[in-house]
Amino acid sequence: MAFRKMLLVALVGGLISVSTARVIDNNESKSSEESGELAEFLGEVESSCRKLTGSNETYEMMVLNAALVPLCVISKLDIESFSTDLDNLDETNRTEFFPKYCPQLHDSLSCLEPVTAELRKCLDPEEVEVLDVIVNMLPEGLNLACKDNGQIFFMDDSDFNECSDKFVGYVEKCADKISNTTDAMNLSSYGPKQCDELSQVRECFEQQMVECKAPKLIEIFDLFYRPMVKASPCKNLITLTELPEIESNAI
């Protein structure tokens with residue numbers, strides 16, 4: 001499965017982990033372009049499932065489980081109240097918002113487990129490694145969002161709503177830094193050129209976050225970027241500063 005598509009899934013997953021209601025509210029207004037990309041992605045997964053399992057049974061089960069995710073989330077998260085409170089979220093009420101909803105959001109992540117369990121059967125070992133990065137990133141992203149009652153969204157003149165509305169476009173733009181050659185390579189085969197492209201993706205995304213006045217949101221990107229670097233030969237070419245463990249007083 002192409003690295004660019006995995007990157008898109010990973011980073012959108014990171015955004016979902018810190019803005020679930022916004023994603024749910026926007027589901028019905030997805031552009032035809034985004035829907036087309038999703039269909040292409042699912043087509044690749046279906047083909048991979050058939051190749052690795054010998055039938056469509058696993059893919060069909062994955063799609064069924066995915067269709068049940070919204071119902072599962074609704075059972076764990078007060079969507080209507082959350083959406084309303086999110087629209088009204090500001091510095092004056094964030095100390096009530098995050099302690100109330102972060103546990104619900106954290107509990108909702110379990111709704112993805114049946115989907116990822118089936119998806120693993122359709123991926124080769126290296127793709128499973130990338131999937132694990134994504135899955136592990138979601139609770140870490142949520143912890144980051146909930147830390148200090150959402151402090152990451154209330155610093156540096158952040159405009160999280162503006163950034164989140166444009167998030168998919170930012171990811172697609174920066175993912176284009178990955179060449180077709182690199183896109184087709186396994187992580188374990190990365191060399192200096194591929195690692196340089198990976199660095200360019202981060203630099204691009206960091207610049208986008210600066211432009212939408214939310215530079216701290218690069219930390220969401222880094223939840224994906226850092227494990228990817230460590231899982232490839234790029235760990236010997238890209239210097240990563242060690243970060244303190246993310247803790248949250250709201251989960």
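Higher on the page you've got the structure.
**Overview of the side chain of T182**
Positionally, T182 belongs in helix 11 (residues 180–183). In this structure the side chain of T182 is engaged in a polar contact, spanning 2.7 Å, whose partner is the side chain of E197. Once you skip the residues sitting within four places of it in the chain, T182 turns out to touch Y190, K193, Q194 and E197.

**As for the packing of aromatic side chains**
Using the criterion set out here, one finds six aromatic pairs in the structure. Taken together, a centroid distance of 5.0 Å and an interplanar angle of 25° make the contact between F205 and F221 stacked. Placement of F205 in helix 12 (residues 192–211) and of F221 in helix 13 (residues 218–230) is noted, with a sequence separation of 16 residues between them. Taking relative accessible area as the criterion, F221 reaches 2% and is therefore assigned buried.

**What about the pattern of salt bridges?**
Between side chains of opposite charge, a pair can form as their charged atoms come close. All told, the structure shown has nine salt bridges when counted by the stated rule. A salt bridge links K76 to D107, with the shortest nitrogen-to-oxygen separation between them at 3.8 Å. Placement of K76 in helix 4 (residues 57–76) and of D107 in helix 6 (residues 94–108) is noted, with a sequence separation of 31 residues between them. For K76, a relative accessible area of 27% gives the class partly exposed. By relative accessible area, D107 is classed as partly exposed at 38%. For K100, the salt bridge goes to D85, with nearest N and O atoms at 3.8 Å. Of this pair, K100 sits in helix 6 while D85 sits in helix 5 (residues 79–87), and the two are 15 residues apart along the sequence. For D85, a relative accessible area of 26% puts it in the partly exposed group.

Here is what the cut-offs are and how they apply
Residues numbered from 1 in each chain as written. Predicted model: local features only at pLDDT ≥ 70, side-chain atom pairs only at ≥ 80, totals over all residues. Heavy atoms only, no water. Helix = DSSP H or I, 4+ residues; strand = E, 2+ residues; numbered from the N terminus. Polar contact = N/O pair within 3.5 Å; in protein donor to acceptor, adjacent residues only side chain to side chain. Contact = heavy atoms within 4.5 Å. Phe/Tyr/Trp six-rings, centres within 6.5 Å; stacked < 30°, edge-to-face > 60°. Buried < 20%, exposed > 50% of the residue type's maximum accessible area, 1.4 Å probe, protein only. Salt bridge = Lys/Arg side-chain N within 4 Å of Asp/Glu carboxyl O.

Function cannot be inferred from these measures alone, as they are strictly geometric.
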